[in-house]
Amino acid sequence: MHISPVYSEIIDFIAAGTTPQNLVDFSPSEKAKERMADLIHREKTTGLTSEETAELNHCLQLEHLMRLAKSRAIHYLKNE
């Protein structure tokens, strides 16, 4: 199975351990952002392969998960 660069970044981030502040500060690399932008653009224009559609859907799920985790981390930081 091919693991997208976006997935790899999140996996590495989680595997290295984190703190609430590190989670709040996390931002994907420019390469990952460009990949997502490319997939979204091509989805709207020329279309994607089934593998690319799956990659995009997984990355969007990861983005949602990270937003929820960042929100929770902000809550933890405010209540320290």
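Below is a summary of the structure that appears in this document.

### Re the overall build of the protein chain
Phase 1: Scanning the protein chain from terminus to terminus reveals 4 helices and 0 strands.
Phase 2: Walking the protein chain from its N terminus toward its C terminus, one meets helices and strands in the order α-α-α-α.
Phase 3: In terms of its C-alpha atoms, the protein chain occupies a principal-axis envelope of roughly 50 × 25 × 20 Å.
Phase 4: When the 80 residues of the protein chain are sorted by exposure, 22% land in the buried category.
Phase 5: For the protein chain, the accessible surface area stands at approximately 5,800 Å², while carbon and sulfur atoms represent 57% of it.
Phase 6: Separation of charge centres in the protein chain, based on 9 positive and 12 negative side chains, amounts to 6 Å.

### Describing helix α4 (residues 50–78)
Phase 1: In a regular helix each residue adds 1.5 Å, so 29 residues correspond to 42 Å; α4 covers 42 Å between its end C-alpha atoms and thus fits that length.
Phase 2: Buried residues of α4: E52, E55, L56, C59, L62, M66 and A73, and no others.

### Looking at the pattern of salt bridges
Phase 1: Overall, the coordinates contain 6 salt bridges when judged by the stated rule.
Phase 2: With its nearest N and O atoms 3.9 Å apart, the salt bridge here joins D38 to R35. One end of the pair, D38, and the other, R35, are both in helix α3 (residues 30–44), 3 residues apart, so they sit about a helical turn from each other.
Phase 3: Take R35: its relative accessible area is 24%, and that puts it in the partly exposed class.

### What about the layout of surface pockets?
Phase 1: Considering only enclosed or pocket space, the largest pocket measures out at about 320 Å³ in volume.
Phase 2: Broken down by secondary-structure element, the contributors of at least two residues to the lining of the largest pocket are α1 (5–15), α3 and α4.
Phase 3: The biggest single contributor to the lining of the largest pocket is α4, with 7 residues.

### Comments concerning the environment of V6
Phase 1: Mapped onto the secondary structure, V6 falls in helix α1.
Phase 2: Owing to a relative accessible area of 10%, V6 belongs among the buried residues under this scheme.
Phase 3: Note: C-alpha distance between V6 and E63 (57 residues apart in sequence) is 9.5 Å.
Phase 4: In this structure V6 touches A32, M36 and C59, once residues within four positions along its chain are discounted.

Conventions adopted
- Residues numbered from 1 in each chain as written.
- Predicted model: local features only at pLDDT ≥ 70, side-chain atom pairs only at ≥ 80, totals over all residues.
- Heavy atoms only, no water.
- Helix = DSSP H or I, 4+ residues; strand = E, 2+ residues; numbered from the N terminus.
- Buried < 20%, exposed > 50% of the residue type's maximum accessible area, 1.4 Å probe, protein only.
- Areas by Shrake-Rupley, 256 points an atom, 1.4 Å probe, with all protein chains shown as cover.
- Lys, Arg positive; Asp, Glu negative; His and termini not counted.
- Charge placed at Lys NZ, Arg CZ, Asp CG, Glu CD.
- Expected span 1.5 Å × (residues − 1).
- Salt bridge = Lys/Arg side-chain N within 4 Å of Asp/Glu carboxyl O.
- 1 Å grid on protein atoms, 1.4 Å probe; cavity = no way out; pocket = protein on both sides within 12 Å on 5 of 7 lines; lining within 4 Å.
- Points joined across faces, edges and corners; volume = space filled by probe spheres on them.
- Contact = heavy atoms within 4.5 Å.

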